[in-house]
Amino acid sequence: NIFKDLTFLDAGCGAGFVSEAIGKLGGNVKGIDVTENAINFAKQHLAQGSPEVRERVRYFHQNLESLDENEKYDVVISSEVIEHTNNQKDFFKSVCKHVKDDGLLL
């Protein structure tokens, strides 16, 4: 459990494979994606996993802008997302709002 007690935001989580891998290592993950089908698949896949991982990983059909601006995470991951955004500068500003002061953006 190397990620025990760490919070993660997986922005653009898609099918949730990264989120679940982090959950298996002890991280608490909120996965969000604007594609409803991806979130539905992620939830179905997670339901087949271990109870421990199911407790640590949550998925939501939403975008970054709909997150409460006070939601901060130890680590924010946004893998394979930037190339799909219309305004990369605004995207990074939105992502950075959710990284704790001593956190990481990956």
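The structure under discussion appears in the preceding block.
About the cut-offs
- Residues numbered from 1 in each chain as written.
- Predicted model: local features only at pLDDT ≥ 70, side-chain atom pairs only at ≥ 80, totals over all residues.
- Heavy atoms only, no water.
- Phe/Tyr/Trp six-rings, centres within 6.5 Å; stacked < 30°, edge-to-face > 60°.
- Helix = DSSP H or I, 4+ residues; strand = E, 2+ residues; numbered from the N terminus.
- Buried < 20%, exposed > 50% of the residue type's maximum accessible area, 1.4 Å probe, protein only.
- Lys NZ or Arg CZ within 6 Å of the ring centre and 35° of its normal.
- Core = buried A, V, L, I, M, F, W, Y, C linked by side-chain atoms within 4.5 Å.
- Contact = heavy atoms within 4.5 Å.
- Pairing = 2+ DSSP bridges.
- Axes fitted to C-alpha atoms, helices over the stretch in contact; angles between N-to-C directions.

Caption draft 1: Fine view of the packing of aromatic side chains. Applying the stated criterion across every chain, the model contains 3 aromatic pairs. The interplanar angle of 75 degrees and the centroid separation of 6.1 Å between the aromatic rings of phenylalanine 17 and phenylalanine 41 together place this pair among those described as edge-to-face. Remark: phenylalanine 41 occurs in helix α2 (residues 36–47) and phenylalanine 17 occurs in helix α1 (residues 17–24); sequence separation between them is 24 residues. According to the relative accessible area criterion, phenylalanine 41 is partly exposed, its value standing at 39%. Positioned above the aromatic ring of phenylalanine 60 is the side chain of lysine 30, whose terminal nitrogen or guanidinium carbon lies 4.8 Å from the ring centre.

Caption draft 2: Structural view of the nonpolar core. Core analysis: the biggest nonpolar cluster contains 12 residues, these being Phe8, Cys13, Ile22, Val29, Ile39, Ala42, Leu46, Val53, Val57, Tyr59, Val75 and Ile77. At the level of secondary structure, the elements contributing two or more residues to this core comprise α2, β3 (57–61) and β4 (73–77). A per-element tally of this core places α2 first, with 3 residues. Those residues in contact with alanine 42 that sit more than four places away from it in its chain are Gly14, Ala15, Gly16, Glu20 and Tyr59. Core analysis: the second largest hydrophobic core is formed by 10 residues, Leu67, Tyr73, Val76 and Phe91 among them.

Caption draft 3: Main features of unusual backbone geometry. We note that aspartate 5 has phi near 75 degrees; this positive angle belongs to a residue other than glycine. Looking at the element boundaries, aspartate 5 is found in the segment before β1 (7–11).

Caption draft 4: Spatial organisation of the sheet that holds strand β5 (residues 99–105). Reading across from one edge, β3-β2-β1-β4-β5 is the order of the 5 strands in this open sheet, with parallel pairing throughout. Both outer strands of the open sheet, β3 and β5, are each paired with one neighbouring strand and no more. Pairwise comparison of adjacent strand axes, ignoring direction, gives a mean angle of 20 degrees for this sheet. With 5 bridges joining them, strand β2 (residues 28–33) and β3 adopt parallel strand pairing. Of the residues in β3, the one forming a bridge with glycine 31 is tyrosine 59. Contacts between α1 and the sheet are confined to β1, β2, β3 and β4, with β3 contributing the most and set at about 155 degrees to the helix. Lying on the sheet, helix α4 (residues 88–96) is in contact with β4 and β5; it crosses β5 at an angle near 125 degrees.

Purely geometric numbers; function is a separate question.
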